[in-house]
Amino acid sequence: AGGQTMSEAVFVTGLTRVLSVSLGEPVGVGAWGLRFYLKPFVAWIWGGCIFMALGGFAALCDRRYRGRREATAPEAASGARA
């Protein structure tokens, strides 16, 4: 891949932000392009996914949402309607 530039990136994560720094192509003699990206609350997306999965699991384990089966006695099922 001769003649192609390759960029290097560094990610610094925190509770409320993700900062990425990218070193790009040369723009002059001894000068390089440098990009900074600040993305707030990106890590909270994963926290929201985990929170929703836990809520779904709690709903699956709740007995109120399961199908109800009524217990019928054998006498009541055979001839109680006559």
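Remember, it's a predicted structure, so these values are computed and weren't measured experimentally.

**A few points about the environment of R35**
At step 1: Mapped onto the elements of the fold, R35 is located in strand β3 (residues 31-40).
At step 2: We classify R35 as partly exposed; its relative accessible area is 36%.
At step 3: Once residues within four sequence positions are removed from consideration, R35 is found in contact with S20, V21, S22 and E25.

**Section: a nonpolar patch on the surface**
At step 1: On the surface, L23, W32, L34 and F36 cluster together into a nonpolar patch covering about 460 Å² of accessible area.
At step 2: Tallying contributions element by element places β3 first for the nonpolar patch, with three residues.
At step 3: You can see L34 is positioned in strand β3.

**What about the confidence of the model for the chain?**
At step 1: Residues with a pLDDT of 70 or more make up 73% of the chain, whose mean pLDDT is 81.
At step 2: Mean pLDDT values for the elements of the chain range from 60 in helix α2 (residues 74-79) up to 91 in helix α1 (residues 43-61).

**As for the packing of aromatic side chains**
At step 1: Applying the stated criterion across every chain, the model contains one aromatic pair.
At step 2: Ring centres of F41 and W44 lie 5.0 Å apart, and the angle between their planes is 70°; this geometry places the pair in the edge-to-face category.

**A word on the pairing of strand β2 (residues 17-28)**
At step 1: In this sheet, β2 lies alongside strand β1 (residues 8-13) in antiparallel orientation, the contact comprising six bridges. Residue V10 lies in a different strand from β2, and its bridge partner there is V21.
At step 2: Across nine bridges, β2 lies against β3 in antiparallel orientation. Bridge pairing in β3 links V18 to K39.
At step 3: Between β2 and the antiparallel strand that follows it, β3, lie two residues; G30 among them carries a positive phi value of about 75°.

**Examining the side chain of S20**
At step 1: Relative to the helices and strands, S20 resides in strand β2.
At step 2: For S20, a relative accessible area of 10% corresponds to the buried category.
At step 3: The residues contacting S20, other than those within four sequence positions of it, are V10, F11, R35, F36 and Y37.

Conventions adopted
Residues numbered from 1 in each chain as written. Predicted model: local features only at pLDDT ≥ 70, side-chain atom pairs only at ≥ 80, totals over all residues. Heavy atoms only, no water. Helix = DSSP H or I, 4+ residues; strand = E, 2+ residues; numbered from the N terminus. Buried < 20%, exposed > 50% of the residue type's maximum accessible area, 1.4 Å probe, protein only. Contact = heavy atoms within 4.5 Å. Patch = residues over 30% accessible without salt bridge, like charges linked within 9 Å, V, L, I, M, F, W, Y side chains within 5 Å. Areas by Shrake-Rupley, 256 points an atom, 1.4 Å probe, with all protein chains shown as cover. Salt bridge = Lys/Arg side-chain N within 4 Å of Asp/Glu carboxyl O. pLDDT = per-residue confidence, 0-100. Phe/Tyr/Trp six-rings, centres within 6.5 Å; stacked < 30°, edge-to-face > 60°. Pairing = 2+ DSSP bridges.

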